[in-house]
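Residue-level listing of the chains:
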Amino acid sequence: MKTTILTIALTFALANTMAQKASGDKFQKYLPIIEKGSIAQKDSLTNVLLTEIKGYKTEQEFRTTINILRSLGKEEQQASVEAIAKKKYPKGSLTRDAFITNVFYNAPTVQEKEKAYHDLNKKWPAKNFSEELLTYDYVLANLAQGFANDGNAPKAIHYLGEMKEKFWRGNGYLPVGQILLSAGDTATAAPLLKTAMDDSYYYLSLPEDQKDNKARFASMGYASSMSAYVNILVAQKKYTDALGYIENALKAAPEQADGLAMVYYKSLMGTGRKLEAYNILTKLYTKGQFAVENDLKKLYLELNGSAQGYENFSASLKETLTKNIRDHIKEMETFKPAPNFELINLKGEKVSLASLKGKVVVLDFWATWCQPCVRSFPGMKAAQESYANDKDVQFLFMNTWERDKNYKENVLAFVTKNNYPFEVLFDDQKDPQTGEVMAAKFGVKGIPAKFIIDKEGNIRYFLTGSSPNVDYIKLEMKELIEAAKKPYKG
């Protein structure tokens, strides 16, 4: 009997893997048309897909087609196929996901979310979706955070305890721990933060040949969970314990040194290792972390006995930072004509790249749901304000890839709420020949993505990713803009 059950389980797992591979193969097959196809090719592919659905036997086949139609920008056809699939599979993952999005996440109170969660488990029990437990963990983490924000720690802990995916568990434990910590409940927060830290360390310390994508994702959270937990130890003046965790972490993951730098500095100071603490502050300062300047100056006085030479020392650190930035931006250099555009801004006015000839233009492609984009905005605001009186420089924030139908209202509300003085353009005009929006024409594969365009309309620099460091972004933008003002030397 056991052998039979095992055989069935292995057969099911293999079938599921093969189904996922088949879906991926199908998507890859049509990728050239999705990315570079003409309108005619995309229309032809859409017709093929709509014909094929008549023979579909599984919900996975429908999901693959829906994803392809979404990538093709065929919203109406996508909605039509979704409706067919939901009717055919009323207890499938598509109806479940719609319930989570429309009912659970839109519930106005945490009590109503809790009811929605129980309804979810009743109609779409997790045991029926054993390969999609992460979907349920997202819901549980959100529910736990809701109770934590309401001051109901026991309920928050209860729902965190129902999470199944260890590799992702820290993403629920860490924010709840931080909420409880900010409310003064250190006793409840500490075990959560330690669990998040220990989970990340487990995956981080695996042999390289055992690190799959889940392990790599989990290990990325080590610095943040470590900092949160060790900060508790530092606040409790348990500096030796804190140092033990940190130095163990630095051996296992030296690439996370920047994320641990501040808590390492505090721990070193607490144990009297001031010279090492001073060296850490020096490194942070040369990376644009100017908020440490007061502590750095204080340590300089303690170690040198006077402030003599500090101004020269500080200036040399800033020179090092500037050199590092200049070396870094060389990696972003390019030279090619920027695609022209004419898009609508928040006021409903048309703005074209051609009308800005003679100016250095900074394009920042972003979306309201993109957290790295949002984290970089304080720095981008500071950079824009530093050029407020320079009529030869224009910042444009290209809102793209929004997911909601009422995205224009959401974008306006977001910009207004945060008091961002940005010139926002909506990247929602599709090319009549290719169906591409401007982000695709610029070659954007992920956001945030920034382009520095010179006065002649040529892209001089292209950079992706972001930093929450306001001072660094301000300095980096200055170097990029000033370099783009100069004639291209090839």
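Residues numbered from 1 in each chain as written. Predicted model: local features only at pLDDT ≥ 70, side-chain atom pairs only at ≥ 80, totals over all residues. Heavy atoms only, no water.

Student: An account of the overall build of the chain is requested, with residue identities and associated values reported.
Tutor: Within the chain, the secondary structure is distributed over 22 helices and eight strands. Expressed as lengths along the three principal axes of its C-alpha atoms, the size of the chain is roughly 80 × 65 × 45 Å. Burial status across the chain gives 42% buried among its 490 residues. The contacts of the chain with a sequence gap of at least 6 include a subset with a gap of at least 24, amounting to 65%. Of the charged side chains in the chain, 66 are positive and 58 negative, and the gap between their average positions amounts to 2 Å. (Helix = DSSP H or I, 4+ residues; strand = E, 2+ residues; numbered from the N terminus. Buried < 20%, exposed > 50% of the residue type's maximum accessible area, 1.4 Å probe, protein only. Contact = heavy atoms within 4.5 Å. Lys, Arg positive; Asp, Glu negative; His and termini not counted. Charge placed at Lys NZ, Arg CZ, Asp CG, Glu CD.)

Student: So what's going on with the pattern of salt bridges? Residues and values would help.
Tutor: A side chain with one charge can pair with a side chain of the opposite charge if their charged atoms come near. Per the stated rule, a full pass over the model turns up 26 salt bridges. Salt-bridge contacts for Asp 392 lead to Lys 455; the nearest nitrogen and oxygen are separated by 3.9 Å. Separated by 63 residues along the polypeptide, Asp 392 in the loop between helix H19 (371–386) and strand S5 (393–399) and Lys 455 in the loop between strand S7 (449–453) and strand S8 (458–464) bring together distant segments of the chain. The class for Asp 392 is partly exposed, based on a relative accessible area of 35%. Here Lys 455 falls in the partly exposed class, since its relative accessible area comes to 26%. Linking Arg 460 and Asp 454 is a salt bridge whose minimum nitrogen-to-oxygen distance equals 3.2 Å. (Salt bridge = Lys/Arg side-chain N within 4 Å of Asp/Glu carboxyl O.)

Student: Kindly report on the sheet that holds S7, identifying the contributing residues and their values.
Tutor: By way of backbone hydrogen bonds, the strands of a sheet pair with one another, either parallel or antiparallel. Spatial ordering of the open sheet is given by S1-S8-S7-S4-S5-S6-S2-S3, a layout of eight strands whose pairing is mixed. The open sheet terminates on both sides in strands that have one partner only, identified here as strand S1 (333–337) and strand S3 (350–352). Within the sheet, the average angular offset between the axes of one strand and its neighbour, ignoring direction, is 35°. Of the pairings in the sheet, the one linking strand S2 (residues 342–345) to S3 comprises three bridges and is antiparallel in character. Each residue of the ladder has a partner; that of Glu 342, found in S3, is Ser 352. Helix H22 (residues 470–485) rests against strand S4 (360–366), S5, S7 and S8 of the sheet, and its axis sits at about 165° to S8. (Pairing = 2+ DSSP bridges. Axes fitted to C-alpha atoms, helices over the stretch in contact; angles between N-to-C directions.)

Student: Which residues make up the state of the cysteines, and what are the values?
Tutor: In total, this model carries one disulfide according to the counting rule given. Each sulfur in the disulfide pair Cys 370 and Cys 373 lies 2.3 Å from the other. Looking along the S-S bond of the Cys 370-Cys 373 disulfide, the torsion reads about 80°, which is the right-handed sense. When sorted by exposure, Cys 370 lands in the same class as Cys 373, which is buried. (Disulfide = S-S within 2.5 Å.)

Student: Would you mind going over the side chain of Thr 286 in detail, with residue names and values included?
Tutor: When you line up the elements, Thr 286 lands in the loop between helix H16 (274–285) and helix H17 (293–304). There is a polar contact of 2.8 Å between the side chain of Thr 286 and the backbone oxygen of Lys 283. The contacts of Thr 286, once residues within four sequence positions are left out, are Leu 317, Thr 320, Leu 321 and Asn 324. (Polar contact = N/O pair within 3.5 Å; in protein donor to acceptor, adjacent residues only side chain to side chain.)

Student: Quick rundown of the confidence of the model for the chain? Include the residues and the values.
Tutor: For the chain, per-residue confidence averages 89 on the pLDDT scale, and 95% of positions sit at 70 or higher. In this model residues 1–20 is a low-confidence stretch, pLDDT under 50, and it forms three contacts with partners more than four residues away in sequence or in other chains. (pLDDT = per-residue confidence, 0-100.)

Student: Can you break down the nonpolar core residue by residue, with the values?
Tutor: Tyr 117, Leu 120, Val 176, Met 226 and Leu 296 are the most contacted members of the largest nonpolar core, which has 73 residues in total. Take this core: its biggest share by element is nine residues, from helix H13 (residues 222–235). Ranked by size, the runner-up nonpolar core spans 57 residues in total, among them Phe 341, Leu 353, Val 424 and Tyr 472. (Core = buried A, V, L, I, M, F, W, Y, C linked by side-chain atoms within 4.5 Å.)

Student: Any chance you could break down the environment of Val 424 for me, citing the residues and the numbers?
Tutor: Looking at where Val 424 falls in the secondary structure, it is placed in strand S6 (residues 424–426). Each residue touching Val 424, except ones within four places of it in the same chain, is listed here: Ile 344, Asn 345, Leu 346, Trp 366, Phe 397, Asn 399, Val 411 and Val 415.

Student: Describe the packing of aromatic side chains, listing the residues and the values that go with them.
Tutor: Scanning the entire structure with this criterion turns up 32 aromatic pairs. Both rings, one in Phe 167 and one in Phe 217, keep their centres 6.1 Å apart while their planes meet at 70°; by these two values the pair is edge-to-face. In this pair, Phe 167 sits in helix H10 (residues 166–182) while Phe 217 sits in helix H12 (residues 213–220), placing the two residues 50 residues apart along the sequence. Assessed through its relative accessible area of 10%, Phe 167 is described here as buried. Phe 217 sits in the partly exposed class, given a relative accessible area of 35%. Put simply, the rings of Trp 366, Phe 377, Phe 397, Phe 414, Tyr 420 and Phe 422 pair up and form one aromatic cluster. (Phe/Tyr/Trp six-rings, centres within 6.5 Å; stacked < 30°, edge-to-face > 60°.)

Student: Would you mind going over the packing of helix H18 (residues 310–329) against H22 in detail, with residue names and values included?
Tutor: Geometrically, a packed helix pair is captured by the angle between its two axes and the distance between the axes. One can describe the packing of H18 onto H22 by two numbers: an axis separation of 10 Å at closest approach and a directional angle of 60°. The angle between the axes of H18 and H22 places the two elements in the oblique class. Crossing handedness for the pair H18 and H22: right-handed. Listed contacts from H22 to Leu 321, Thr 322, Ile 325, Arg 326, His 328 and Ile 329 of H18 are Tyr 472, Leu 475, Glu 476, Glu 479 and Leu 480. When the residues that make up the contact of H18 with H22 are grouped by side-chain class, the tally is six nonpolar, two polar and three charged. (Parallel < 35°, antiparallel > 145°, perpendicular 65-115°, else oblique. Left-handed = near helix turned anticlockwise from the far one by under 90°. Nonpolar A, V, L, I, M, F, W, Y, C, P; charged D, E, K, R; others polar.)

Student: Break down the pairing of S2 for me, with residues and values.
Tutor: Connecting S2 to the next strand, S3, in antiparallel fashion are four residues, including Gly 348 with a positive phi near 85°. The pairing of S2 with S6 spans two bridges and is classified as antiparallel. Its bridge partner lying in S6, Ile 344 is registered against Phe 426.

Student: So what's going on with the packing of helix H6 (residues 93–104) against helix H7 (residues 110–123)? Which residues, and what values?
Tutor: Following both chains from N to C, one finds H6 and H7 inclined at 170°, their axes separated by 10 Å at the closest point. Judged on the interaxial angle alone, H7 and H6 are roughly antiparallel. On H7, the residues that touch Arg 96, Phe 99, Ile 100, Val 103 and Phe 104 of H6 are Lys 113, Ala 116, Tyr 117, Asp 119 and Leu 120. Within the contact of H6 with H7, the residues separate by chemical class into seven nonpolar, no polar and three charged.

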